[in-house]
Structure formats: structure tokens, C-alpha cells
Amino acid sequence: MIQFMNVTKTYTNGTKALSNINLTIKQGEFVAVIGLSGAGKSTLIRCINRIHDISSGTLLVDEVDVAKLKGRHIRKFRRRIGMIFQSFNLVTRTTVINNVLVSFVPGLPLWRKLTGIFHKEHKIKALEALDKVGILDKAFVRVDQLSGGQQQRVALARTLAQNPDIILADEPIASLDPVTARIVMDDFQRINKEMDISVIMNIHHVEIALEYADRVIGIRKGEVVFDGEASQVTQEILQEIYGGKWEAEKAEMEEQAAYV
Ligand code: ADP
């Protein structure tokens, strides 16, 4: 369970990215965070695994007070929280399985990880993770030979291999075409439902967010302006979240979808 209690985040340059956030996210929820660019979505997600420190309030993850963690406790805590990025964050000049195997040796420098000799049990776990996202047959292919969608699935497999309770996803489908985006979203949904892993996703594509997420959190200027079931989100609510710019956002999304 993730609990934000009166959480505020002000960056060192004075930008107030989050104001007075109060949220409770239960284990196993699939939450989409939506809102205009600059609204604070990414900051909200990144406070959960302490990429960013909160400025005031309390943030609890399974009763752990995140702000109070230090040193190796932060690293240990982060092992339970997978993170997926828009840019995949893979080493493209090596094989798929090597990219998944790095999740088993978090403390080593990257070059040691990639030249490392891995235990058989790690290799089996890595192959199982690839199987869960449907790309077992690509295990020994170099990542740069894969499509964007397949690369995002490798990133998802790498996160799964770390056996997380929570997956944070920051615009995971932003650079994918609509068909591939849905394939990746299907993976997220299956992982969420079958493995009871919470998914908290910052996502630009509102239509897809409403289709896949159970719960939608709308952020505007650092504040939660909507929090409810995806089925409750109306055009009026979207206008509120997007500060009256919803029609323009929608047109832009449709245009982008037509081009890719
Ligand atoms: P979103 O993910 O909704 O686009 P962000 O969380 O990235 O929004 O940003 C929220 C606000 O905080 C914006 O005004 C942004 O410019 C600012 N911001 C984000 N990261 C930093 C940073 N590292 N330093 C200063 N300001 C930042």
C-alpha cells in the first residue's frame, strides 16, 4: 500500500511540483496518472521510489516512511519497486537475456554486469520473465535488432525478474505506435492481474489509460483534481484535469496516432 499524506514537493529552484497530495493506493491496483505536461505526474511517480525527495508531508510504502530511508536501505527498498521508462533504458548492443540478467546483480558496475557469469538459476528466472511478456524466442537476439515494442517488453521482463511489488511506469508507450502500445499495455494488465503487482503509470494517451487502468488520478498544477474509477471519467472531468485545454490535447493525440 502506498500512502501520500499532505505531500508537497518543491524543487531547489523554487518550482512547486506537488501541493498537498493525499492518496492511498492499495496493493494490486492499476492506476493511470493523467494531466497536462508539467502538471507533476512524473514527480509524483518518482517520489514513490525516492528518485525525488519529498519536501513535506509523509509518504509511506507498506508502512515504510520513504523519506527516512538511508544508504543500503534505499537500495533494498528500490528492489521492490520496478521502474519502466519511455526510453526503455536498455543496453542495445548486447543480448536480450543479458539485459534481464543485470537485474540480479544491482550493486555491480554495468561493465561487470554485462561480462558477468550468471548462475543457472538466474538464467532460468530471466527466461521465465521473458516468457511472461511473450518474447522468450528473442532471448539470444541483440536488443538493437528488436522493434520498440519488443524492447519495452524486454524492459518489463527485466523489471519482473527483480520480483517487484510495485511497477512505476513513466510514459511507457509514448514512443510506440498505437498497435504496439496496446500489446505492451496488455502485458502490463496481465502482469497486474495475474501477479498482483501494483502498476502506477504516468500516461499521455487518455483513451488507452481509460481502457486499461482501474483507477485514474488527474493532476493539475501539482494537485489531485480527480481520483476515481476509469469508468467515471467524463468529458467534463477531462476538461477540468486539462484546464480547459482538453479539446486541443485530444486533437493532438489523434493527430499523433494518425502519423505513427
Ligand atoms: P509532468 O510529468 O506532468 O510533465 P513533472 O513532474 O515533470 O510534470 O514537472 C512538474 C513541474 O516541476 C514542472 O513545472 C517542471 O518544469 C518542474 N520540474 C520537474 N523536474 C524538475 C527538476 N529536476 N528541477 C526543477 N523543476 C523541475
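The present account deals with the structure reproduced in this document.

Analysis parameters
Residues numbered from 1 in each chain as written. Predicted model: local features only at pLDDT ≥ 70, side-chain atom pairs only at ≥ 80, totals over all residues. Heavy atoms only, no water. Near = heavy atom within 4 Å. Polar contact = N/O pair within 3.5 Å; in protein donor to acceptor, adjacent residues only side chain to side chain. Areas by Shrake-Rupley, 256 points an atom, 1.4 Å probe, with all protein chains shown as cover. Pairing = 2+ DSSP bridges. Helix = DSSP H or I, 4+ residues; strand = E, 2+ residues; numbered from the N terminus. Contact = heavy atoms within 4.5 Å. Axes fitted to C-alpha atoms, helices over the stretch in contact; angles between N-to-C directions. Expected span 1.5 Å × (residues − 1). Buried < 20%, exposed > 50% of the residue type's maximum accessible area, 1.4 Å probe, protein only. Arc of directions from axis to C-beta. Parallel < 35°, antiparallel > 145°, perpendicular 65-115°, else oblique. Left-handed = near helix turned anticlockwise from the far one by under 90°.

A word on the site of the ligand
The full set close to the ligand counts 13 residues, and Gly38, Gly40, Lys41, Ser42 and Thr43 are the nearest of them. Here an oxygen atom of the ligand sits 2.8 Å away from a polar atom, N or O, in the side chain of Lys41. Thr43 places a polar side-chain atom, nitrogen or oxygen, 2.5 Å from an oxygen atom of the ligand. Alone, the ligand offers 550 Å² of accessible surface; in the complex the protein occludes 62% of this.

Remarks on the sheet that holds strand β5 (residues 64-65)
Read from one edge to the other, the open sheet built from four strands follows the order β2-β1-β4-β5, with strand pairing classed as antiparallel. This sheet does not close on itself; its edge strands, each paired only once, are β2 (16-25) and β5. Packing of helix α1 (residues 41-48) onto the sheet brings it into contact with β1 (2-10), β2 and β4 (56-61), and relative to β2 it is tilted by some 60°.

Considerations on the environment of Asn98
Structurally, Asn98 is set in helix α3 (residues 96-101). Here the alpha-carbon distance between Asn98 and Lys132, two residues 34 residues apart in the chain, equals 17 Å. A polar side-chain atom of Asn98 sits 2.9 Å from a polar atom in the side chain of Thr94.

Re helix α5 (residues 120-132)
Taking 1.5 Å per residue, 13 residues should reach 18 Å; α5 reaches 19 Å between its end C-alpha atoms and fits that length. Those residues of α5 that sit buried are His122, Ala126, Ala129 and Leu130. Mapping the buried residues of α5 onto a view down its axis gives an arc of 100°, with all of them on the same face. When the buried face of α5 is taken as reference, the exposed residues oriented beyond 90 degrees from it are Lys120 and Glu121. Here the buried face of α5 lies against α3 and α6 (148-161). Trailing α5 by a residue or two, Gly134 shows a phi angle of about 75°, which is positive.

Notes on the packing of α5 against α6
For the pair α5 and α6, the least separation of the axes is 8 Å and the interaxial angle reads 130°. Comparing the axis directions of α5 and α6 gives the class oblique. Here the hand of the crossing between α5 and α6 comes out right-handed. Touching Ala129, Leu130 and Lys132 of α5 are Ala157, Leu160 and Ala161, all from α6.

Observations regarding the side chain of Arg215
Assignment of secondary structure puts Arg215 in strand β9 (residues 215-220). By relative accessible area, Arg215 is classed as buried at 11%. Sequence-distant contacts of Arg215, defined by excluding residues within four places in its chain, comprise Leu23, Thr24, Ile25, Glu29, Phe30, Val31, Ala32, Asp227, Gly228, Glu229 and Ala230.

A short note on the environment of Thr24
Secondary-structure assignment places Thr24 in strand β2. Using a relative accessible area of 37% as the deciding quantity, one classes Thr24 as partly exposed. The spacing of Thr24 and Gln3 is 21 residues in sequence and 4.5 Å in space, taken between C-alpha atoms. Setting aside residues no more than four positions away along its own chain, Thr24 makes contact with Met1, Ile2, Gln3, Glu29 and Arg215.

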